[in-house]
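# Inside the fold
Okay, here's what each chain looks like letter by letter:
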Amino acid sequence: MNSKKDNNYMEVFFDKLEFIIDNKMLIKLILAGRRNKISDLKKITVTIVELKKGTRLNFVYKHNTNDITKNYEPEEGINLIRKALENDFFNADIYSNTENINLIINSKGKVLLKIKEATLQPLTNFKHDKIKYRLINPKGNIYLRELEITNEKEEIRREMTDKFKQINKYIELLEPYLTQINLTDNSHIVDMGAGKGYLTFALYDYLTNQSKKNIKLTGVEFRENLVQKCNEIAGKASFEKLKFIEGTIENAELEKIDVLIALHACDTATDEAIFRGIKSDASLIVCAPCCHKQIRKEFNVTGELYNVVKHGILKERQAEIITDTLRAMIMEAFGYRTNIFEFISSEHTPKNLMIVGKKITGDSIKKNEILKNISAVKKIYGIKKHYLEKLLQI
Ligand SMILES: C[S@@+](CC[C@H](N)C(=O)[O-])C[C@H]1O[C@@H](n2cnc3c(N)ncnc32)[C@H](O)[C@@H]1O
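Every value quoted in this text rests on a predicted model; they were computed, and no experiment measured them. (Residues numbered from 1 in each chain as written. Predicted model: local features only at pLDDT ≥ 70, side-chain atom pairs only at ≥ 80, totals over all residues. Heavy atoms only, no water.)

### Considering the overall build of the protein
Counting its regular elements, the protein contains 12 helices and 14 strands. Computed over C-alpha atoms, the radius of gyration of the protein comes to 23 Å, within 12% of the 21 Å expected from 2.2 N^0.38 for 394 residues, which places it in the range of a compact globule. The proportion of buried residues among the 394 residues of the protein is 48%. Sequence separation of 24 or more characterises 64% of the internal contacts of the protein that already satisfy a separation of 6 or more. About 20,900 Å² of surface is accessible on the protein, with carbon and sulfur atoms providing 48% of the total. (Helix = DSSP H or I, 4+ residues; strand = E, 2+ residues; numbered from the N terminus. Rg over C-alpha atoms; globule rule 2.2 N^0.38 Å. Buried < 20%, exposed > 50% of the residue type's maximum accessible area, 1.4 Å probe, protein only. Contact = heavy atoms within 4.5 Å. Areas by Shrake-Rupley, 256 points an atom, 1.4 Å probe, with all protein chains shown as cover.)

Structure below.
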């Protein structure tokens, strides 16, 4: 049972939430920390939206394989947040114009409330036409409307501002690499695990409409409904050389790949994507790994180094670092010059590393030396095989 103090903290939290919503100062609220670890519902994000019917709370329910969006009247929404904290989640984070409020309930029902200075840009600064964009134009772009990034006035929808910024940022990062590799007519770009296609459409738009390249772009995705929807949108936008195919990263039938992109493909799906890029002798491989489970399971660390992996979270981070280090080294052994960098602020997502490999030619590639170094790194962590090595049979 909750103590009086716990109940007070909850009431302070909900008083503040109501005030923040009434005054339109809610940037976002995140419910996370599943009470039931096997629940399919991972997270709920709540933002304010202004509809013709009035102010509503927009709930995005993030499930393992899909997101569901619903709008509620503020009072109903607040009740749902209360119920979600009772039944589904241990944590709630409010990001408002004036403060960040963090509510944590432990498994015994004890409540902790932390209030800190605001860290996100206040909403009052939000102006559709003030969003800086350089590469993707919200005006006259059918796909942005169809993907519900823009509204009927071709303005960026407030809840999609982050997505729109992410798309622009992503194109901005890719642009110099794409310029370096000299795309020619019919160069084939493949986006593995294209999902809803936000980034795939934007890349096609940028390359064909801004850079005037005559490329072909294929999005590969195993969810049939997404493939169908994306092909419909490509048709409406008259994006003739953009197509989405239903298939897996490992087995999809594809012509020669010149540029391989795989953003947020889970665990070893990133390795399968890199493998296909290497096998196809792609000029450019770009991936943003998602989760890193394989190497974590392979760690076999004893002695002093055990201290580095004895805490779960630190072990997880080490596994991420080693997984991506080995990916980059293997790509280098196969003739790719690699770069690894953060491509979006960790405030938006902790999964923010991008690995870029650009094919180099000539005999400067010291394959044997790199393979020896790979073995040395693996030995330190007691790793037998990186999944990418298995695929490449090295
Ligand atoms: C996290 S989403 C990322 C979507 C998009 N690339 C992005 O970054 O916005 C990963 C997508 O890859 C798809 N996917 C995962 N593994 C796959 C595989 N082996 N073959 C094809 N699609 C896969 C999932 O269905 C999902 O739509």
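### Here's the deal with the packing of aromatic side chains
Evaluation of the coordinates by the stated rule reveals nine aromatic pairs. Look at F13 and F14: their rings are 5.1 Å apart centre to centre, the planes differ by 85°, and that puts the pair in the edge-to-face class. Residue classification places F13 among the buried residues on the basis of a relative accessible area of 0%. Classification of F14 as buried rests on a relative accessible area of 0%. Members of the aromatic cluster, each reached through a chain of ring pairs, are Y143, F201, Y204, F239 and F244. Its guanidinium or amino end placed over the ring of Y95, K28 lies 5.4 Å from that ring's centre, counting from NZ or CZ. Positioned above the aromatic ring of F14 is the side chain of R82, whose terminal nitrogen or guanidinium carbon lies 4.1 Å from the ring centre. (Phe/Tyr/Trp six-rings, centres within 6.5 Å; stacked < 30°, edge-to-face > 60°. Lys NZ or Arg CZ within 6 Å of the ring centre and 35° of its normal.)

### Let's talk about the site of the ligand
Near the ligand, the surroundings consist of 13 residues, among which G193, E221, I249, L263 and H264 are the closest. Residue G193 places a main-chain N or O atom 2.8 Å away from a nitrogen atom belonging to the ligand. One of the side-chain N or O atoms of E250 is found 3.2 Å from a nitrogen atom in the ligand. The class makeup of the residues in the shell around the ligand is five nonpolar, five polar and three charged. (Near = heavy atom within 4 Å. Polar contact = N/O pair within 3.5 Å; in protein donor to acceptor, adjacent residues only side chain to side chain. Nonpolar A, V, L, I, M, F, W, Y, C, P; charged D, E, K, R; others polar.)

### Points about the pattern of salt bridges
This structure, assessed with the given rule, holds 17 salt bridges. Notably, a salt bridge pairs K24 with E50, separated by 3.6 Å at the nearest N-O pair. A residue pair is termed long-range when its members are at least 10 positions apart, and K24 in the loop between α1 (4–22) and β1 (26–34) and E50 in strand β2 (residues 41–51) qualify at 26 residues. Accessibility expressed as a relative area gives 39% for K24, which makes it partly exposed. Under the relative-accessibility criterion, E50 is labelled partly exposed at 44%. Notably, a salt bridge pairs D258 with K256, separated by 3.6 Å at the nearest N-O pair. Each of E148, R157 and E159 takes part in salt bridges that share partners, so that together they form one network. (Salt bridge = Lys/Arg side-chain N within 4 Å of Asp/Glu carboxyl O.)

### Side note on the confidence of the model for the protein
Looking at the protein as a whole, its pLDDT mean stands at 89, while 94% of the residues score no less than 70. Of the regions scoring below 50 in pLDDT, residues 125–132 engages in 10 contacts with residues more than four places distant in sequence or in other chains. (pLDDT = per-residue confidence, 0-100.)

### Details of the sheet that holds strand β12 (residues 284–288)
Here we have seven strands laid out as an open sheet, ordered β10-β9-β8-β11-β12-β14-β13, and mixed in their pairing. Edge positions in the sheet fall to β10 (242–246) and β13 (336–342), since each of these pairs with one other strand and no more. Adjacent strand axes in the sheet meet at a mean angle of 15°, parallel and antiparallel pairs treated alike. Pairing between β12 and strand β14 (residues 353–359): four bridges, direction antiparallel. Counted as the bridge partner of L284 is K358 from β14. Where helix α5 (residues 198–210) meets the sheet, its contacts fall on β8 (188–192), β9 (216–221), β10 and β11 (259–263), and the angle it forms with β10 comes to roughly 155°. (Pairing = 2+ DSSP bridges. Axes fitted to C-alpha atoms, helices over the stretch in contact; angles between N-to-C directions.)

### Some words on the environment of I105
Turning to its location among the elements, I105 is positioned in strand β6 (residues 99–105). I105 gets classed as buried once you look at its relative accessible area, which sits at 7%. The sequence separation of I105 and A262 amounts to 157 residues, and the corresponding C-alpha distance is 37 Å.

### Remarks on the domain arrangement of the protein
Taken domain by domain, the protein consists of domain 1 (4–125), domain 2 (127–255) and domain 3 (282–394). One C-alpha centre belongs to domain 2, the other to domain 3, and the line joining them spans 28 Å. Taken residue by residue, the interface counts 10 residues in domain 2 and 11 residues in domain 3. Both faces considered, domain 2 and domain 3 share a buried interface measuring about 940 Å² in area, 79% of it formed by carbon and sulfur atoms. Area buried by domain 2 at its contact with domain 3 is led by L173, Y177 and I181, which between them contribute 52% of it. Remark: the boundary between domain 2 and domain 3 carries zero salt bridges. Our count for the domain 2 to domain 3 interface comes out at one residue pair in polar contact (both at pLDDT 80 or more). Across the side of domain 2 that touches domain 3, the residue classes tally to six nonpolar, two polar and two charged. (Domains from an automatic or database assignment. Buried area = accessible area lost by both parts, 1.4 Å probe.)

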